[in-house]
Structure formats: C-alpha cells, structure tokens
Amino acid sequence: MTDVTDGVLHTLFRSDQGGHEQVVLCQDRATGLKAVIAIHSTALGPALGGTRFYPYASEEAAVADALNLARGMSYKNAMAGLDHGGGKAVIIGDPERIKTEELLLAYGRFVASLGGRYVTACDVGTYVADMDVVARACPWTTGRSPENGGAGDSSVLTAYGVFQGMRASAQHLWGDPTLRGRKVGVAGVGKVGHYLVGHLLEDGADVVITDVRPDAVRRVTDQHPEVTVAADTDALIRTEGLDIYAPCALGGALNDRSVPVLTATVVCGAANNQLAHPGVEKDLADRGILYAPDYVVNAGGVIQVADELHGFDFDRCKAKASKIFDTTLAIFARAKDDGIPPAAAADRIAEQRMAEARTPALPGEASQL
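Thresholds applied
Residues numbered from 1 in each chain as written. Predicted model: local features only at pLDDT ≥ 70, side-chain atom pairs only at ≥ 80, totals over all residues. Heavy atoms only, no water. Helix = DSSP H or I, 4+ residues; strand = E, 2+ residues; numbered from the N terminus. Expected span 1.5 Å × (residues − 1). Axes fitted to C-alpha atoms, helices over the stretch in contact; angles between N-to-C directions. Parallel < 35°, antiparallel > 145°, perpendicular 65-115°, else oblique. Contact = heavy atoms within 4.5 Å. Nonpolar A, V, L, I, M, F, W, Y, C, P; charged D, E, K, R; others polar. Buried < 20%, exposed > 50% of the residue type's maximum accessible area, 1.4 Å probe, protein only. Pairing = 2+ DSSP bridges. Phe/Tyr/Trp six-rings, centres within 6.5 Å; stacked < 30°, edge-to-face > 60°. Lys NZ or Arg CZ within 6 Å of the ring centre and 35° of its normal. Core = buried A, V, L, I, M, F, W, Y, C linked by side-chain atoms within 4.5 Å. Salt bridge = Lys/Arg side-chain N within 4 Å of Asp/Glu carboxyl O.

**What about helix α2 (residues 59-79)?**
Relative to the 30 Å expected for 21 residues at 1.5 Å per residue, α2 spans 31 Å between its end C-alpha atoms, a close match to the ideal helical length. Immediately downstream of α2, the backbone of G81 shows phi near 75°, a positive value.

**Regarding unusual backbone geometry**
The backbone of N273 sits at a positive phi, close to 50°, despite the residue not being glycine. With respect to the element layout, N273 can be found in the loop between β11 (266-267) and α10 (280-286).

**Concerning the packing of α2 against helix α15 (residues 342-358)**
As a packed pair, α2 and α15 sit with axes 9 Å apart at the nearest point and diverge in direction by 85°. Taken together, the axis directions place α2 and α15 in an arrangement best described as roughly perpendicular. Across the interface between the two elements, S74, Y75, N77, A78 and M79 of α2 pack against A346, D347, I349, A350, E351, R353 and M354 of α15. Its residues assigned to classes, the contact of α2 with α15 shows 7 nonpolar, 2 polar and 3 charged.

**Observations regarding the pairing of strand β5 (residues 85-92)**
Remember that side chains alternate between the two faces of the sheet whenever the strand is regular. Taken across its 8 residues, β5 has 8 buried, putting it largely inside the fold. Side chains of β5 alternate between two faces, with G85, G87, A89 and I91 and G86, K88, V90 and I92 buried alike. Bridge count between strand β3 (residues 47-48) and β5: 2 bridges; the pairing is parallel. Looking across to β5, one finds that L48 is bridged to G86.

**Quick word on the packing of aromatic side chains**
In the structure shown here, the tally under the stated rule is 3 aromatic pairs. Both rings, one in Y54 and one in Y56, keep their centres 5.1 Å apart while their planes meet at 70°; by these two values the pair is edge-to-face. The exposure class of Y56 is buried, given its relative accessible area of 13%. The interplanar angle of 70° and the centroid separation of 6.5 Å between the aromatic rings of F312 and F314 together place this pair among those described as edge-to-face. Taking relative accessible area as the criterion, F312 reaches 27% and is therefore assigned partly exposed. Sitting over the face of the ring of W174, R182 holds its NZ or CZ atom 3.8 Å from the ring centroid. Across the ring face of Y160, the terminal group of K318 is positioned such that the distance to the ring centre comes to 5.0 Å.

**Some remarks on the sheet that holds β11**
If you trace the 6 strands from one edge of the open sheet to the other, you get β9-β8-β7-β10-β11-β12, paired in parallel fashion. The strands lining the two open edges of the sheet, one partner per strand, are β9 (228-229) and β12 (290-291).

**Concerning the nonpolar core**
Of all hydrophobic cores here, the largest spans 41 residues; its most connected members are M166, V186, L196, V197, L200, V207 and I209. Contributions of two or more residues to this core are made by α6 (155-174), β7 (183-187), α7 (193-202), β8 (206-210), α8 (214-223), β10 (244-247), α12 (300-307) and α14 (324-338). Those residues in contact with M166 that lie beyond four places of it in its chain are L179, V184, L196, L200, I244, A246 and C268. Counting residues in hydrophobic clusters, the runner-up holds 22 residues, among them V24, V111, L114 and Y118.

**Side note on the pattern of salt bridges**
Tallied over the full model, the rule gives 17 salt bridges. A salt bridge links D123 to K88, with the shortest nitrogen-to-oxygen separation between them at 2.8 Å. One end of the pair, D123, is in the loop between β6 (118-119) and α5 (128-135); the other, K88, is in strand β5, and 35 residues separate them in sequence. Of the two residues, D123 and K88, both sit in the buried class. When salt bridges that share partners are traced, they join R52, D65, K88 and D123 into one network.

**Some details on the pairing of strand β1 (residues 22-28)**
By the bridge criterion, 7 bridges tie β1 to strand β2 (residues 33-41) in an arrangement that is antiparallel. Looking across to β2, one finds that Q22 is bridged to I39. The hairpin turn running from β1 into β2, its antiparallel successor, is 4 residues long, and G32 in that turn takes a positive phi close to 85°.

**Quick notes on the environment of G175**
Tracing the backbone shows G175 in the loop between α6 and β7. Spatially, the C-alpha atoms of G175 and Y56 are 45 Å apart, while their sequence positions differ by 119 residues.

Here it is as structure tokens:
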C-alpha cells in the first residue's frame, strides 16, 4: 500500500490545514486542462474564490496551493461579512502557453457541474476577459466585464479597502484616521498598488514605491512625479522615517530576514499570505510593529465580485468596503483584550462566525413565518 502520510490526503483529512469539504480534480485531455477546485467551507454560503492559472512544479504543489488558498478564502469572506464560504481553483500550466478559449470553457463546465457550491472569479494568471469566457459555460462566474454583466477590475476596491485598513491603523496607533504627513512605502505598484498610491497622495501622505517592473514604476511616476522611488524592496523597508509598509506584490513579504530590519511601525498591504510562517506575527508584535491582517484589509475585491451575483452596484460595494475600517479597528481591540497578535484575533473572529453558522437551531428556535 502506498504511504501517503506526508501527501495530499494527509493534508486534506488529518492536518491543521485540512478540514475541506470537497476537492475536485479536473482533467480535459482535448484541451490540456488540468485543474483543482477546492471547497473549504460552505457554512456561510456558496464557496467564493478566484481561479489561479500557474505553472506549478508538480500536481502535488498545485493541490496544496488550492487547499491553502481555499482555507484562506473562508476566513476572508467571513471577515468581510459576506454570505459566502471559501473556495479556490488552480489551473496547472503556463497561461502564456496553454490558455485557450476551449480550455477555459472546459474549466467552466467543471465549475458548473458543482451546481453553485463554488463561485469563481479572477486570480493570478486569469483576467476579466477570461471570466467572460468561463461565464459562457458557467453561471456561477464573477469578475466579468461590465459589457457581460460584471463589475470589471476588482483592483479598484481592493486598493480602497487597504486604504481603509491604513486609516484604521493610524487611528489605533496615532489617534487620527489620516495618513497626512506619514511616510508610506508601497512594494508593488501593479493592479492594486498604483490605485493605492493615488489614495495615499490624496490623503496627504509621502509615498515611496518600488517594483521589479520598470514600466510599473514609470506609470506611477509619470502620473505622480512627487513620489520617491526605492531601488528595491530591501531598500524600501530600510527607508528612514518610514511609518507604514504596504506589501502589494508576492506573499511571504514578512519573514525572518525582513522583519528585523523593517523601519515602519505599521504593516498594511494588499498582498496575500504576507506572513512567511506563523511565528512572524509574534516577531512583529515583539518589535512593536502593528500588523493589519492581509486577508481583512484586501477584501475589497472579493466584496466587489460577490456583489455581481446580486446585480453589481459600485456605490453599494464601496460602502461595504468602507466597513473594512471598522473591522480592522475591532480586530485591534480584540487583540488587545485577548493579549494576542492581530492576525490571531482576526482568525478567532472569523472562526466564531463560521462556527455559529454551522450550529443548527435547537427545537423551538426556528424562525416563525
């Protein structure tokens, strides 16, 4: 018998990262599609999460990523106050090489076969135009273009939500919900980061940026010549007088190398999975650095795509994303009361909401119609 102690089945059924309701392996030989759809929880409603298209080193790595991302979406959707559980899908392969209309339609048929238990959207490697194609085969698709009944680019409200998280951090730490006069470093000025820079400058912040892509930096400096450019992220996090560090690129930005040299007193950014490992949140707390949990402050995008299911209204979505300010403050208060880091406090609040949703009503407690 094959030993799978350290394999995918162990992760799914036995580890702390498991607990998923359903994992679907999808293959369509005609188009070359290989995909994994992971549903972590439907306690709060249909699972909602994007589709990542990425050239994973192995099928096992793809499954592990889908499981971790789906679990994260359960927490994100719970903290965003959405009536959605968490799910995620990954398509294995280089999107520059194998992405075709036929492959996306085949993927859409797999999502549709779940009958609405999973609602998909954009993620790394997939875009609005891709979701328009998927939607032709699957009604449970969000992140579509306005021409096809969708909300379009979700980066706008993602950036707005991160800005609200920064305002809450400023309120908690300095007693005033403004970034005026504060120096903010933004690492990654792509889809989300460049919108965030606009909010910060409008609020009166001094902004320092960096990005591995020169064209992304140029786009920001052409539009906002007043920003300062750091050579790289390593230089950015060491910037003298930095008040807030906003990781808006890849995950793992907060690690054993970056935290000891970080000059900022607040970390609040759009990147997913910023903590390289669980111990990092304690390292931040020990250095007196306030961490605004990433999956809380970057929830503006999922708030936007979820709204598509009810007929998209931008003002309604922006009002919901504004509540990220209050949610972030509540997390800081819970962390102080419980004597734990903010990331742990956010997890407790999310877990409490999911647990209460799973608890069936006792006899006699059913709503009377």
